[in-house]
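In case you want the letters, here they are:
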Amino acid sequence: MTASDSEVRALLERRVAACQTKDIDRLMELYSPDIVYYDVVPPLQFSGFDEVRRNFVRWFDGFDGPIGLETHDLTIATSADVAFAHMLHLDSGKRKNGLDTAIWVRSSVCCRRSGGRWLITHEHISLPINPQNRQAWFPPDGDGEPV
């Protein structure tokens, strides 16, 4: 693992920690002002710092308490001042509607180093679906394993 790989891994760990505690200011410190973010909720694309911030606040507000966010199968590739990572996240927690939920999401993250600091410039979130019924795939009770 290179020093750049370690730096990007630390950035992604800070991203997860900020999401788990719903710390929007700490989270947004990790994003570039010109971030482009693709999500599974309309309008599907969020561009720029303010839109992405509002989308995260919307997501945080859906949970009653902390968010469970476990990273699995993280792969990082770095070259000079550009990095790419992809992973699976198990997103879980008690929703404001009272339901305890868990869902797998796929995440791809692109970063750029500027002034010696890595920032996320692009992120893409997607949901695995069951092709038979076109429904989002939820882990069976007690099974945290991805599809």
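Relevant structure appears above.
Residues numbered from 1 in each chain as written. Predicted model: local features only at pLDDT ≥ 70, side-chain atom pairs only at ≥ 80, totals over all residues. Heavy atoms only, no water.

A. Up close: the packing of aromatic side chains. Applying the stated criterion across every chain, the model contains 5 aromatic pairs. Ring geometry for Tyr31 against Phe56: centres 5.6 Å apart, planes inclined by 55 degrees, an arrangement best described as tilted. Taken together, the residues span a long stretch of sequence, with Tyr31 in strand S1 (residues 31-38) and Phe56 in helix H3 (residues 49-61) at a distance of 25 residues. What makes Phe56 buried here is its relative accessible area of 4%. With a centroid separation of 6.2 Å and 35 degrees between ring planes, the pair formed by Phe56 and Phe60 is classed as tilted. Taken together, the residues Phe56 and Phe60, both in helix H3 and 4 residues apart, mark about one turn of the helix. Take Phe56 and Phe60: they sit in the same class, and that class is buried. Put simply, the rings of Tyr31, Tyr37, Phe56, Trp59, Phe60 and Phe63 touch in pairs and so form one group of aromatic residues. (Phe/Tyr/Trp six-rings, centres within 6.5 Å; stacked < 30°, edge-to-face > 60°. Helix = DSSP H or I, 4+ residues; strand = E, 2+ residues; numbered from the N terminus. Buried < 20%, exposed > 50% of the residue type's maximum accessible area, 1.4 Å probe, protein only.)

B. Highlighting H3. Given a rise of 1.5 Å per residue, 13 residues ought to cover 18 Å, and the 18 Å separating the end C-alpha atoms of H3 matches this to within 8%. Here H3 has its buried residues at Val52, Asn55, Phe56, Trp59 and Phe60. The buried residues of H3 occupy an angular sector of 140 degrees when the element is viewed end-on, so they sit on one face. Exposed residues pointing more than 90 degrees away from the buried face of H3 are listed as Asp50 and Arg54. Taken together, the buried residues of H3 touch helix H1 (3-20), helix H2 (24-28), S1, strand S2 (45-47), strand S3 (68-79) and strand S4 (82-94). (Expected span 1.5 Å × (residues − 1). Arc of directions from axis to C-beta. Contact = heavy atoms within 4.5 Å.)

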